[in-house]
Structures are given as C-alpha cells and as structure tokens.
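# An overview of the molecular structure
So you can see what is in the structure, the chains are spelled out below.
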Amino acid sequence: MARATITLAQPLEAGPALLGVRRVIGITGGRFEGPSFGADILPGGADWQTVAPDGTAVIDTRYSARTDAGHVLEIATQGFRHGAPEVLARIAAGEPVGADEYYFRLTASLSTADPALEWVNRTVFVASATRAQADVVYDLFAVR
C-alpha cells in the first residue's frame, strides 16, 4: 500500500456540458509514500471532472511525480465520488467529512522508465480516497 496526498488548486468551473457540469482542478503538489518508493507530486496536472445532476463526481486525473531516485512517474486515475446531498455540500464547503460518510474510489495506472519500478507499468491499482479542503488523500493498493 502507498499513500498519496495530492494538493489542489481552487476548482475552475467550466459550466454545464452534455453529461454534467465540467470542472478542472489543478494539481499543485503533494507526496507519494509507500514501501517500494517515495515521490514528490509535480505541479501541472489536473482532475478533469464531470459532476452529474445527482452530485456524482466522475474523476479523471493525469499528473506526474518525481521519485526519490530522480525518475519521472506518470499517474492517471479514474473513479467516482458520491454521497448524500448534505454530505457533498459539506465537502464542497471544505468541512471535514469522514471517509465512511461517502463513496470515493479510484482505479489508477502508473508508468515510469525507472528499471527498479518497472513492475508498476503492468500492475492494476485501486484506491480509496478522501477529499479535504485543499487536498485529496488516497490509499493505493496493487491488485495482485
């Protein structure tokens, strides 16, 4: 298991689209920590969300990290965050909300040219996440 803490910019509301409200949330930094490697999240990625009329956020992120060994790691996640309207309103207001009060799950793919981490290029990952005011924290698990 690895833990990722992803710091976020303020959401940029792009407005309504065919399948829901489009939102872009810039990724400004953060950190990956796990038994196999550590990495600093690099600024410049984003989460391109679609928020459905029922409040479900469809997550679609792409970002990069630099491992402690100096290699670039590319990360992409897809998933869903949903819950009761009052819980989603608390999250949007930046209030602390327990992970057991809503659903936030991801699949992740990682890619790197680092020979020591070559195994991540062909491994399926899943994650359980939480959203705080300025970041997302998720625990990433390799499915073996």
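Conventions and cut-offs
Residues numbered from 1 in each chain as written. Predicted model: local features only at pLDDT ≥ 70, side-chain atom pairs only at ≥ 80, totals over all residues. Heavy atoms only, no water. 1 Å grid on protein atoms, 1.4 Å probe; cavity = no way out; pocket = protein on both sides within 12 Å on 5 of 7 lines; lining within 4 Å. Points joined across faces, edges and corners; volume = space filled by probe spheres on them. Helix = DSSP H or I, 4+ residues; strand = E, 2+ residues; numbered from the N terminus. Nonpolar A, V, L, I, M, F, W, Y, C, P; charged D, E, K, R; others polar. Pairing = 2+ DSSP bridges. Contact = heavy atoms within 4.5 Å.

### Concerning the layout of surface pockets
Within this model, the largest pocket holds a volume of roughly 410 Å³. Together, 21 residues line the largest pocket, and P11, R23, I91, A92 and R131 are the ones closest to its centre. When residues in the lining of the largest pocket are grouped by element, the largest group, three residues, is from helix 1 (residues 85-92). Among the residues forming the lining of the largest pocket, the class breakdown is 12 nonpolar, five polar and four charged. The computed volume of the second largest pocket comes to approximately 160 Å³. Lining the second largest pocket, in full, are M1, A2, G34, P35, S36, F37, W119, F125, L140, F141, A142 and R144. Among the elements that line the lining of the second largest pocket, the one with the most residues is strand 10 (residues 135-143), at three residues. Taken together, the residues that form the lining of the second largest pocket break down as nine nonpolar, two polar and one charged.

### A short note on the pairing of strand 2 (residues 12-17)
Inspection of the sheet shows strand 2 paired to strand 3 (residues 20-33) by five bridges, in the antiparallel sense. Within the sheet, the bridge partner assigned to G15 lies in strand 3 and is R22. Following strand 2, the chain reverses through two residues before pairing antiparallel with strand 3.

### Examining the environment of T123
Mapped onto the secondary structure, T123 falls in the loop between strand 8 (102-112) and strand 9 (124-131). T123 sits 18 residues away from F141 along the chain, and the two C-alpha atoms are 10.0 Å apart. Apart from residues lying up to four places away in sequence, T123 is in contact with A142 and V143.

Note that all results are geometric; they support no functional claim without further evidence.
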